[in-house]
Amino acid sequence: MLRYLPFLLVLALWIYAFIDCLNTPEEEVRGLPKVVWVIIILLFGEVLVGPVAWLVAGRNRRGPAGGATPSEWHRNQRTAFVAPDDNPEFLNSLKAENGKDESLLKDWEADLRRREEELKRREEQSRSDEES
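Let me sum up the structure you'll find in this document. No experiment lies behind these values; they were computed from the predicted model shown. (Residues numbered from 1 in each chain as written. Predicted model: local features only at pLDDT ≥ 70, side-chain atom pairs only at ≥ 80, totals over all residues. Heavy atoms only, no water.)

**So, helix 3 (residues 49–58)**
Note that an α-helix has 3.6 residues per turn; residues three or four places apart therefore point the same way. Residues of helix 3 that are buried include every one of Gly50, Pro51, Trp54 and Gly58, and no others. Seen end-on, helix 3 carries its buried residues on one side only, within an arc spanning 100°. Where helix 3 is buried, its residues meet helix 1 (5–23) and helix 2 (34–43). (Buried < 20%, exposed > 50% of the residue type's maximum accessible area, 1.4 Å probe, protein only. Helix = DSSP H or I, 4+ residues; strand = E, 2+ residues; numbered from the N terminus. Arc of directions from axis to C-beta. Contact = heavy atoms within 4.5 Å.)

Okay, structure coming up:
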């Protein structure tokens, strides 16, 4: 099993470089056209020349915006967690939603009362018509 490890590592690097080259926008490719880089990676993949050349010289590697390393950026972006029941913005949004629901419920209740009264009037009218 251990004797296959170098072959698997070369294959993994070859596949990574090939996919990376295909996914890289044309504007970020330097030195040669993107099609030529793909051909170089495919032709010289077994001897690692193509994939290593692509990783070293083929693509513009740029750091994160602002010059900070990724770990510094994540440290600066950290915010304190606030539980939903302690978050005033969340509670206000719930109150606003409940206000909408309450007004809708009041409208439904008023409509139901109106319909009930209308049915009662019709029943009374039909009874009075039957008695006459």
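**Thoughts on the pattern of salt bridges**
A side chain with one charge can pair with a side chain of the opposite charge if their charged atoms come near. Going through the model one piece at a time under the given rule, you end up with 5 salt bridges. In this structure, Asp111 and Arg114 form a salt bridge, with 2.4 Å as the shortest nitrogen-oxygen distance. Here the residue Asp111 and the residue Arg114 both occupy positions in helix 5 (residues 88–131), the gap between them amounting to 3 residues, near one helical turn. On the basis of relative accessible area, Asp111 is assigned to the partly exposed category, the value being 25%. In this structure, the salt-bridge partner of Arg114 is Glu118, at a minimum N-O distance of 3.6 Å. Highlighted residues: Arg114 and Glu118, both in helix 5, separated by 4 residues, approximately one helical turn. Take Arg114: its relative accessible area is 43%, and that puts it in the partly exposed class. Among the ionic contacts, a cluster of salt bridges with common partners joins Asp111, Arg114, Arg115, Glu118 and Arg122. (Salt bridge = Lys/Arg side-chain N within 4 Å of Asp/Glu carboxyl O.)

**Observations regarding the environment of Ala53**
Note that Ala53 resides in helix 3. Residues Ala53 and Trp37 lie 16 residues apart in sequence; the distance between their C-alpha atoms is 8.9 Å. Among residues more than four places away in sequence, those in contact with Ala53 are Trp37 and Gly58.

**Overview of helix 1**
Over its 19 residues, helix 1 extends 27 Å from the first C-alpha to the last, a length consistent with the 27 Å expected when each residue adds 1.5 Å. When we look at burial in helix 1, the residues that qualify are Ala17, Asp20 and Cys21. Projection of helix 1 onto a plane perpendicular to its axis shows the buried side chains occupying an angular sector of 100°, all on one side. For helix 1, the exposed residues lying more than 90 degrees away from the buried face are Phe7 and Asn23. At its buried positions, helix 1 is contacted by helix 2 and helix 3. (Expected span 1.5 Å × (residues − 1).)

**Focus on the packing of aromatic side chains**
In total, this model carries 1 aromatic pair according to the counting rule given. Geometrically, the ring pair formed by Trp37 and Trp54 is edge-to-face, given 5.6 Å between the ring centres and 65° between the ring planes. In this pair, Trp37 is assigned in helix 2 and Trp54 in helix 3, connecting sequence segments 17 residues apart. On the basis of relative accessibility, which here comes to 6%, the residue Trp37 falls in the buried class. (Phe/Tyr/Trp six-rings, centres within 6.5 Å; stacked < 30°, edge-to-face > 60°.)

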